[in-house]
Amino acid sequence: MIENRKVVVLTTHKVGGGAFVAASNFSKELGQAKFDTPIISLDRKRLLDNAVFWVNIFLDRVFKYCLGYSNPIFHSSNTITRYRAYDIDKFNADVANIHWFSNGLISFSSIIAMKTPYILTFHDSWLICGMEHHPDNGVINEGKLDRYLIDRKSKVLSKARGYVFPSEWQAREVNSRVGYSKPYLVVPNFCEIEKDLLGINRSSSNTNEFTIGFVASRLFENTSKGGADAIRLLEKLEVIVNDLKLPVRILIAGKTSEKVPILADSGYLTIEELGEVDRAEMVSFYSRLDCFVNLSHFENLSTTNIEAHASGTPVICYDVGGNSETLKNGSTGYLVEDRSVDGVLNAINRLILAPSKLAGMRKSARLFFVEKFGRESNLERFIKFLEVLDV
């Protein structure tokens, strides 16, 4: 029977990293479905790992310098065999589920040499650009070295039994850049605080002020996360709410940069910085929001958009990457043209000035989450995918 299969879950990210959390959740969910799912983290704990990693990074830099390599995005040219990749074969598993591997942590040759059949699960754009995100200017300067490395990555793809993508957008991107011919499944990462978010009572929201939420992870330091747009938005919002004498509270979860002096209360606009928060505290964060704003210029499939919907919170975000798959435009939130701060401001105004519309969006957001992102339905789809692949 399919549920008695052993599925080794492999992640090459550090413990606590986004890919590790996603892989760990995957392992737990499969375990509850009667799979034997050991999880291996190819992190850098061992001294040998550290030595090999840094030697490889040094060789990478020398190699690229000698070639006059100027690509702002580094494709990993890792060719050093990593012994831990072979450890998977010792489990005698029916299939290995490899969750995204970052530069320098594992070689292509190791994966190709594995005897255990494997499925590749993507979290970001490893096969597109070699690192987590596109460069800020969106330009990738492809040269001969890039083409060679993409060809190597194509071999990894060609040997895989199948692929799992968080979004249809990324499935298309990887296919256009690298190409693949095996079956694939689009299934979002499991939301680890789903039950708590679905239990939020939206009727307890503060009706005296409108509350807008941001997640500040690198928001004001990484331009691809929309830091400059966030500052412009707050400046414009300050003028509007003071003119209307409408109390608006900005909640920022996560650490913000000390370089941003604008984050201070002003008249009817209140700024509340929550600092670093754990996953449990994020539930409280979402429960206080009237809307969630995501200003990132690059998203594969935004976890925060999904979490906001689980709590019944409408989302306003740029129409980039897989964002259009995380909401229903006009029904559970608003998609805005990339870098249009005025467009985001207009969307916020619509919600502020139409309380009945906001209440309807809250119900629609939660229903949309259950239908598209609920763990039970997605776990069932993944299990059926294993049956189709006959692993």
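Small disclaimer: the values here were computed from a predicted structure and weren't measured. (Residues numbered from 1 in each chain as written. Predicted model: local features only at pLDDT ≥ 70, side-chain atom pairs only at ≥ 80, totals over all residues. Heavy atoms only, no water.)

**Some thoughts on the side chain of Ser 167**
- With respect to the helices, strands and loops of the structure, Ser 167 is situated in the loop between strand 5 (162-165) and helix 7 (168-177).
- In this structure Ser 167 touches Val 186, Asn 300, Leu 301, Gly 322 and Glu 325, once residues within four positions along its chain are discounted. (Helix = DSSP H or I, 4+ residues; strand = E, 2+ residues; numbered from the N terminus. Contact = heavy atoms within 4.5 Å.)

**With respect to the nonpolar core**
- Ile 212, Ile 250, Val 293 and Ile 316 are the most contacted members of the largest nonpolar core, which totals 31 residues.
- Element by element, the count of residues in this core is highest for helix 12 (residues 341-353), at seven residues.
- Sequence-distant contacts of Ile 212, that is, excluding residues within four places in its chain, are made with Leu 237, Val 248, Arg 249, Ile 250, Leu 251, Leu 289, Cys 291, Val 293 and Ile 348.
- Counting 22 residues, the second-largest nonpolar core is a separate cluster that includes Cys 191, Met 282, Leu 289 and Leu 301. (Core = buried A, V, L, I, M, F, W, Y, C linked by side-chain atoms within 4.5 Å. Buried < 20%, exposed > 50% of the residue type's maximum accessible area, 1.4 Å probe, protein only.)

**Considering the sheet that holds strand 12 (residues 333-336)**
- If you walk across this open sheet you meet the six strands as 9-8-7-10-11-12, and the pairing is parallel. Edge positions in the open sheet fall to strand 9 (269-275) and strand 12, since each of these has one partner strand only. Sheet twist, expressed as the average angle between the axes of neighbouring strands with direction ignored, equals 20°.
- In the sheet, strand 8 (residues 248-253) pairs with strand 9 via six bridges, with the strands oriented parallel. Looking at strand 9, one finds that Val 248 is bridged to Leu 269.
- Taken strand by strand, helix 9 (residues 227-244) contacts strand 7 (210-215), strand 8, strand 9, strand 10 (291-294) and strand 11 (315-318), and its axis lies near 145° from that of strand 9. (Pairing = 2+ DSSP bridges. Axes fitted to C-alpha atoms, helices over the stretch in contact; angles between N-to-C directions.)

**Some words on the pattern of salt bridges**
- Tallying each qualifying case throughout the model produces 11 salt bridges.
- Between Asp 342 and Lys 236 there is a salt bridge; the shortest N-O distance is 3.3 Å. Of this pair, Asp 342 sits in helix 12 while Lys 236 sits in helix 9, and the two are 106 residues apart along the sequence.
- Accessibility expressed as a relative area gives 32% for Lys 236, which makes it partly exposed.
- When salt bridges with common partners are traced through the structure, they connect Glu 209, Arg 249, Glu 272 and Arg 288 into a single cluster. (Salt bridge = Lys/Arg side-chain N within 4 Å of Asp/Glu carboxyl O.)

**With respect to helix 13 (residues 355-373)**
- In this model, helix 13 (19 residues) spans 26 Å end to end at C-alpha, consistent with the 27 Å of a helix rising 1.5 Å per residue.
- Among the structural elements, helix 8 (194-198), strand 7, helix 11 (303-310), strand 12, helix 12 and helix 14 (375-389) are those in contact with the buried residues of helix 13. (Expected span 1.5 Å × (residues − 1).)

**Description of the pairing of strand 11**
- The alternating pattern of strand 11 places Val 315 and Cys 317 and Ile 316 and Tyr 318 on opposite faces, both of which are buried.
- Bridging between strand 10 and strand 11 involves three bridges; their strand directions are parallel. Bridged to Asn 294 within strand 11 is Cys 317.
- Following the chain from strand 10 across helix 11 to the adjacent parallel strand 11, one finds a crossover that is right-handed.
- Both strand 11 and strand 12 contribute to a ladder of four bridges, which runs parallel. Looking at strand 12, one finds that Cys 317 is bridged to Leu 335. (Right-handed = clockwise from strand over helix to strand, strands pointing away.)

**Looking at the environment of Ser 181**
- Structurally, Ser 181 can be placed in the loop between helix 7 and strand 6 (184-186).
- Sequence separation between Ser 181 and Leu 157 is 24 residues, and the spatial gap between their C-alpha atoms is 8.6 Å.

**Description of the packing of helix 10 (residues 279-287) against helix 11**
- One way to put it is that helix 10 packs onto helix 11 with a least axis distance of 10 Å and a crossing angle of 60°. Judged by the inter-axis angle, helix 10 sits oblique to helix 11. Crossing hand, helix 10 versus helix 11: right-handed. Residues Arg 279, Met 282 and Tyr 286 of helix 10 lie in contact with helix 11, whose contacting residues are Thr 304, Glu 307 and Ala 308. (Parallel < 35°, antiparallel > 145°, perpendicular 65-115°, else oblique. Left-handed = near helix turned anticlockwise from the far one by under 90°.)

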